[in-house]
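Here is how the chains run, residue by residue.
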Amino acid sequence: MAALTPLLIFAFVAFLDLPVALVVLAAAVAALLAPGLWHSWDSRASLARSQAYKAFGAEFLDSVQGLATLKAFGQSTSRARRLEEKAQTLFHSTMWVLGTNTLARGITDTAIAIGAAAAFAVGAWRVGHGAMSLPALLVILMLGVEVFRPLRELRVLLHQGMLGLSAARGIFAILDARPAVDDRPAGLEPRDAGLAFEGVTFMYPGGRRPAHAGVSFAVRPGERVGIVGPSGSGKSTVARLLLRFYDPDGGRVTIGGRDLRELSLSQIRARIAVVSQDTWLFHGTVEENLRMGRPEATVDEAARGRPRRQRRGVHPAPAAGYATVVGERGVRLSGGQRQRIAIAPRAAARCADPGARRGAVVVDAESEALIQPRSIG
């Protein structure tokens, strides 16, 4: 409507008097296109505000989640100053966006005012010389207001489009992202639960040095292998390669003699349970988190995934039991309770599945990874 209305009104005004219509058209084009001169400036200001808003939001969320740690180390004041700096950056970038919007509005309004005055002057001159009737001039002046009204709406839409495109860049980046590993149809099942790294070389994307260079080892079914080393030596990378979060740059990783790249991701991850040093619980009840590994399992089946001596203490409140709400990231539980709940579904996911009992358990501790290719039960 905003685009077509000026064209239709211009056609009618041109039917009444072409010279005045041309003046109205020139003013309308100037009012619509002149703000485009500030298009790149408006776009940069909108992008800067979007980035400042993201930076402030991330810093604020991090500060709120780590508030207890900040207080414990006496860093609340310094973090507050950092938040203040982020907020000031967001404030200034927002003012720049408002400034460019106001400037574009001023240009549009000025072009509209000059155009209306010029159309009135030309029309009055033509009426005075008898080239145009007074009723026609009055009709044109009333229609001229309706010509410029949609142009104001188009200017607002242009500015909102700049804000929308700047905000959408992050979404576009996610939509355009490609997975580091492509899934494939299920292949032949592995012969057994044996694991092997054969000349594996791997470097994380953007890394400066390889995490693994020619690593080779084999773990037979029933063996327990501990990988011990300093921080950054690639222990957690072993688990990530086993789960095929990444593919090695050289060599291969096998399960039962089958290259992981020949298996589907579901085949691989149905045979591997990972217990990470960083436990993660989802907001909900203890029962919902216990059944994360196998949603159709009962709570008793999930609890059987834990050793008998460790089943006690999985739920923190006897009154609520497995219906206890753990809170965001398990904030309402102790560290030990979070760990026990996080371990249970990894093991229980396979306890009731005879076809998946022969698999690997990977324990990612702070200084070691335990690879245990044996029956989960």
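Along each chain, numbering runs from 1 in the same order as the chain's sequence is written. Where totals are concerned, whole chains, interfaces and linings use all residues; where local detail is concerned, this predicted model gives features only for residues with pLDDT of at least 70, and gives and counts side-chain atom pairs only at 80 or more. Water and hydrogen atoms were dropped before computing side-chain values, which therefore reflect all heavy atoms in the structure.

## Digging into the packing of helix α2 (residues 18-33) against helix α5 (residues 76-128)
The description of two helices packed together rests on the angle between their axes and the distance between the axes. Lines fitted to C-alpha atoms define the axes, with helix axes restricted to the stretch in contact, and inter-axis angles between N-to-C directions lie between 0 and 180 degrees. Secondary structure elements follow DSSP: runs of H or I of four or more residues count as helices, runs of E of two or more count as strands, with numbering from the N terminus. At a closest axis distance of 8 Å, the pairing of α2 and α5 adopts a crossing angle of 175°. Classified by the angle their axes make, α2 and α5 are roughly antiparallel. On the side of α2, the interface is formed by Pro19, Val20, Val23, Val24, Ala27, Ala30 and Ala31, while α5 contributes Thr108, Ala111, Ile112, Gly115, Ala118, Ala119, Val122, Gly123 and Arg126. Each residue gets one label: Ala, Val, Leu, Ile, Met, Phe, Trp, Tyr, Cys and Pro are nonpolar, Asp, Glu, Lys and Arg are charged, and the others, such as Gly, are polar. Of the residues assigned to the contact of α2 with α5, the class counts are twelve nonpolar, three polar and one charged. Here is the rule for angles: anything less than 35 degrees is roughly parallel, anything more than 145 is roughly antiparallel, 65 through 115 is roughly perpendicular, and the remaining ranges are oblique. Two residues qualify as a contact provided that any one of their heavy atoms is within 4.5 Å of a heavy atom in the partner residue.

## As for the nonpolar core
Here, nonpolar core refers to any group of buried Ala, Val, Leu, Ile, Met, Phe, Trp, Tyr and Cys residues whose side-chain atoms link them within 4.5 Å. Think of it in three bands: with a 1.4 Å probe and only protein chains considered, a residue is buried below 20% of the maximum accessible area for its type, exposed above 50%, and partly exposed in between. Counting residues in each nonpolar core, the largest one holds 18 residues, and the members touching the most others are Val20, Val24, Met132, Val147 and Phe148. Looking at this core, the elements that each hand over two or more residues are α1 (4-16), α2, α5 and α6 (134-176). With residues up to four places along the chain from it excluded, the contact list for Val147 reads Pro6, Ile9, Val24 and Ala28.

## Section: unusual backbone geometry
Phi is positive for Arg244, close to 60°, though the residue is something other than glycine. With respect to the helices, strands and loops of the structure, Arg244 is situated in the loop between α7 (235-242) and β4 (250-255). When its relative accessible area of 5% is taken as the criterion, Arg244 is described as buried.

## Considerations on empty space enclosed by the protein
Using a probe with the size of a water molecule, rolled over the atoms, empty space left in the structure can be pinpointed. Cavities and pockets are defined on a 1 Å grid built over the protein atoms alone: a cavity is a set of grid points where a 1.4 Å probe fits but cannot escape, while a pocket is an open set with protein on both sides within 12 Å along at least five of seven lines, and lining residues are those with an atom within 4 Å of any such point. Grid points are joined across faces, edges and corners, and a volume is the space filled by probe spheres set on the points. The tally for this structure, following the rule as stated, stands at three cavities of 30 Å³ or more. In this structure, the second largest cavity occupies an estimated 50 Å³ of space. Leu241, Arg244, Tyr246, Asp247, Pro248, Arg252, Val253, Asp259, Leu260 and Arg261 together form the lining of the second largest cavity. Grouping the constituent residues of the lining of the second largest cavity by class yields five nonpolar, no polar and five charged.

## Some words on the sheet that holds β4
Strand order in the open sheet formed by four strands is β2-β1-β4-β5, with antiparallel pairing between adjacent strands. Lying at the two open borders of the sheet, with one neighbouring strand each, are β2 (212-219) and β5 (258-259). At least two bridges found by DSSP between two strands is the condition for calling them paired. Across five bridges, strand β1 (residues 195-202) lies against β4 in antiparallel orientation. Within β4, the residue paired with Ala196 across the bridge is Thr254. On the sheet, α7 packs against β1, β2 and β4 and is oriented at approximately 110° with respect to β1.

## A look at the pattern of salt bridges
The rule for a salt bridge is simple: a side-chain nitrogen of Lys or Arg has to be within 4 Å of a carboxyl oxygen of Asp or Glu. One pass over the full model with this rule turns up ten salt bridges. Note that Arg252 and Glu198 form a salt bridge whose closest N and O atoms lie 2.7 Å from each other. Of this pair, Arg252 sits in strand β4 while Glu198 sits in strand β1, and the two are 54 residues apart along the sequence. Taking the relative accessible area as the measure of exposure, Arg252 reaches 30% and is therefore partly exposed. Two residues, Asp247 and Arg244, come together in a salt bridge whose shortest N-O distance is 2.7 Å. Salt bridges sharing partners connect three or more residues here, namely Glu59, Asp62, Arg79 and Arg82.

## Observations regarding α5
Since there are 3.6 residues in each turn of an α-helix, residues three or four apart along the chain are aligned in direction. By definition here, a helix of n residues has an expected span of 1.5 Å times n minus one. Spanning 53 residues, α5 covers 77 Å between terminal C-alpha atoms, matching the ideal 78 Å at 1.5 Å per step. Positive phi shows up at Gly130, right after α5, with a value of about 75°.

## Some remarks on the packing of aromatic side chains
Pairing of aromatic rings covers Phe, Tyr and Trp, the last counted by its six-membered ring, and requires centre-to-centre distances within 6.5 Å; plane angles under 30 degrees mean stacked, over 60 mean edge-to-face, and any other angle means tilted. One pass over the structure, following the stated rule, counts six aromatic pairs. Consider the rings of Phe202 and Tyr246, whose centres lie 5.3 Å apart with planes at 45°: the pair is tilted. One end of the pair, Phe202, is in strand β1; the other, Tyr246, is in the loop between α7 and β4, and 44 residues separate them in sequence. Each ring, one from Tyr204 and one from Tyr246, has its centre 5.3 Å from the other, and the planes form 90°; the classification is edge-to-face. Separated by 42 residues along the polypeptide, Tyr204 in the loop between β1 and β2 and Tyr246 in the loop between α7 and β4 bring together distant segments of the chain. Note on Tyr204: relative accessible area 24%, which makes it partly exposed. Linked through ring pairs, Phe202, Tyr204 and Tyr246 together constitute an aromatic cluster.

## Some thoughts on the side chain of Asp17
Here Asp17 is to be found in the loop between α1 and α2. In this structure Asp17 comes out as buried when scored by relative accessible area, which is 4%. A distance of 3.1 Å separates a polar side-chain atom of Asp17 from the backbone nitrogen of Val20. One polar contact links Asp17 to Arg126, side chain to side chain, over a distance of 2.9 Å. Excluding residues within four positions of it along the chain, Asp17 makes contact with Arg126, Ala131, Met132 and Ile140. Between N or O atoms, a polar contact is any pair within 3.5 Å; within protein, one atom must be a potential hydrogen donor and the other a potential acceptor, and residues adjacent in sequence are included only when both atoms are from side chains.

## So, the confidence of the model for the chain
Detail in the predicted coordinates should be disregarded across regions flagged by low pLDDT. Every residue gets a pLDDT, meaning the predictor's confidence in that residue, from 0 to 100. Summarising the model, the chain shows a mean pLDDT of 77, and 83% of its residues fall at 70 or more. Taken together, the stretch residues 306-318 has pLDDT below 50 and engages in 23 contacts with residues farther than four places along the chain or on a different chain. Note on residues 348-357: pLDDT is under 50 here. Beyond four places in sequence and across chains, it has 23 contacts.

## A word on a nonpolar patch on the surface
Put simply, a patch holds well-exposed residues, over 30% relative accessible area, that have no salt bridge, with like charges counted together within 9 Å and Val, Leu, Ile, Met, Phe, Trp or Tyr side chains within 5 Å. Surface exposure here means Shrake-Rupley accessible area, sampled with a 1.4 Å probe, where a residue is shielded only by the protein chains that are shown. Residues Phe12, Phe15, Leu16, Leu134, Leu138, Val139 and Met142 make up a contiguous nonpolar surface patch of about 690 Å² in total accessible area. For the nonpolar patch, the secondary structure elements donating two or more residues are α1 and α6. For the nonpolar patch, the leading source of residues is α6, giving four residues. Inspection of the secondary structure assignment puts Leu16 in helix α1.

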